[in-house]
Structures are given as structure tokens and as C-alpha cells.
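# Overview (structure and organization)
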Amino acid sequence: MSNIKQKATQDTKQILIDTASELIWKSSYGAVSVDDICKAANVKKGSFYHFFPSKVDLALAALEEFHQSKKAAYDRIFSPETPPLKRFEQMADLVCEMQEKAALKHGRVCGCPHASLGCEMAGQENAIRDKVNDITKRSERYYESAIRDLIAEGTLPKETDVKAKAQEVFTYLLGQLTFARIQNDINLLKRDFKPGLLRILGVSGKASEAT
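Let me sum up the structure you'll find in this document. On a predicted model such as this, the values are computed, not experimentally measured, just so you know. (Residues numbered from 1 in each chain as written. Predicted model: local features only at pLDDT ≥ 70, side-chain atom pairs only at ≥ 80, totals over all residues. Heavy atoms only, no water.)

Turning next to the nonpolar core. Phe88, Met91, Tyr143 and Phe193 are the most contacted members of the largest nonpolar core, which totals 37 residues. At the level of elements, α4 (55-77), α5 (84-106), α7 (126-152), α8 (162-183) and α9 (186-201) are the ones that each hand at least two residues to this core. Ranked by residue count, the leading element in this core is α8, at eight residues. Those residues in contact with Tyr143 that sit more than four places away from it in its chain are Tyr74, Phe78, Phe88, Met91, Ala166, Val169, Phe170 and Leu173. Of all hydrophobic cores here, the second largest spans 26 residues; its members include Val43, Leu58, Leu117 and Val132. (Core = buried A, V, L, I, M, F, W, Y, C linked by side-chain atoms within 4.5 Å. Buried < 20%, exposed > 50% of the residue type's maximum accessible area, 1.4 Å probe, protein only. Helix = DSSP H or I, 4+ residues; strand = E, 2+ residues; numbered from the N terminus. Contact = heavy atoms within 4.5 Å.)

Encoded structure:
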């Protein structure tokens, strides 16, 4: 395959992933058909099935794409060089910023695609449930590392259950995003998420110094 054809093929696949990500995120999996995706992407249906055997396979790719889209920011925010409490504060700022941008683009609060798609389809599609669980574990590893450092510096008690606390943080994040989507109010997230996160961590009133 020539370099031009290979690039065109890669571009078409990426366009389908990006289009599906947006349509499913702002609407729902069930409300978006393969025809809808192809029409919005300006891609023929045959090309769709060339890359993805089913809509489920495209949804899996879209979930991974969303996770990867924030990975660089998470790698930076959760760097060991950053004080552990500040990592969580910066994560809260990032979440609010991403949601605000999406709301401006789509005209409504979109919430978390992992939570939305997981709630809708995990009971019907094992592959989606497994993918959401995998992404959840990868996200929680960032939190676990920061929580261990909070313990090491004496901010949290030594007996803190690291994995349980990380799971609690992730669950709180999904809950806040879901509630903001239900209410369609980004200001709820901007007002409540960071202070609530600090309470969940058990460090309320210990906000890090601005740098």
C-alpha cells in the first residue's frame, strides 16, 4: 500500500472514531446508528465495516480514544514531581475545563462517556463492560500513586486503604459528572467537584499552595 493510500485509510478510520465519540457522547449509544455515524463522517457504509465489524467495536475504539486523549494531561498532572494534593486539584481543574469545552461545543453538559456508555450497554455487551472496567483500573492507578504519596508525606494516615480510596475518588468523579449531565449545569461541577474531592480524600481544608 502506498504512503498516500495508507494515510487515507488511517484518516478514514480516525474520522469514524472521532465522529462516533462525539455522537455517542452528546447523545447515547442507542440513539446513534451506523448510518448516522457514516453520514456525519461522510464515509461510505462499506468503509465502516472494513474497519469495524460492528457498532460495538467502534464504541470500544471510541472509549479508548477518549481515554488516550486525556492520558498526556494525566501523565503531566500526576507526575511524581508535583505535590500529591496538587495533583488532585489540577485533575479537578482539568475535568471541569474539559466538560466546559464540551458543553460549549455540543450545547449541553456531556458527562463522562465511560459512565454513560457503561450504564447504557454494560449489561448487554460484555466487551463494553470489560473495556470500561479496564479504563477504570488504568485511571485509578494515577489516584493510587498520589494517595500513596499523601500517606508518605503524612497528610493521610498510614492505615489508609489505597485501592479503596482510589475507587472512592473515581466513583465520586463519575457521580459528579453524571449529576452535572442530568441537571445540564456545568456550574454545579465547577462549584462542587473540587471541594467534594478534597472531602472524599480526607484532606478538606488542606488545599495546596498555589505555584
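Right, let's get into helix α2 (residues 34-41). Those residues of α2 that sit buried are Val34, Ile37, Cys38 and Ala41. The buried residues of α2 occupy an angular sector of 95 degrees when the element is viewed end-on, so they sit on one face. Phi turns positive, to about 60 degrees, at Asn42, one or two residues after α2. (Arc of directions from axis to C-beta.)

A word on the packing of aromatic side chains. Think of a pair of aromatic rings as described by two things: how far the centres are apart, and how the planes are tilted against each other in angle. Applying the stated criterion across every chain yields a total of eleven aromatic pairs. When the centroid spacing of 5.6 Å and the interplanar angle of 45 degrees are considered together, the rings of Phe78 and Tyr142 count as tilted. Of this pair, Phe78 sits in the loop between α4 and α5 while Tyr142 is found in helix α7, placing the two residues 64 residues apart along the sequence. On the numbers, 5.8 Å between centres and 55 degrees between planes, the contact of Phe78 with Tyr143 is tilted. Pair noted here: Phe78 is in the loop between α4 and α5 and Tyr143 is in helix α7, with a separation of 65 residues, a long-range link. Grouping residues by exposure puts Phe78 and Tyr143 together as buried. Members of the aromatic cluster, joined through ring pairs, are Tyr74, Phe78, Phe88, Tyr142, Tyr143 and Phe170. (Phe/Tyr/Trp six-rings, centres within 6.5 Å; stacked < 30°, edge-to-face > 60°.)

This part covers the packing of helix α6 (residues 113-121) against α7. Where α6 meets α7, the closest approach of the two axes is 9 Å, and the angle between their N-to-C directions is 150 degrees. Put simply, α6 runs roughly antiparallel to α7. Between α6 and α7 lies a crossing of left-handed hand. On α7, the residues that touch His114, Leu117, Gly118 and Met121 of α6 are Ile128, Val132 and Ile135. Taken together, the residues that form the contact of α6 with α7 break down as five nonpolar, two polar and no charged. (Axes fitted to C-alpha atoms, helices over the stretch in contact; angles between N-to-C directions. Parallel < 35°, antiparallel > 145°, perpendicular 65-115°, else oblique. Left-handed = near helix turned anticlockwise from the far one by under 90°. Nonpolar A, V, L, I, M, F, W, Y, C, P; charged D, E, K, R; others polar.)

All we've got here are geometric facts, nothing functional implied.
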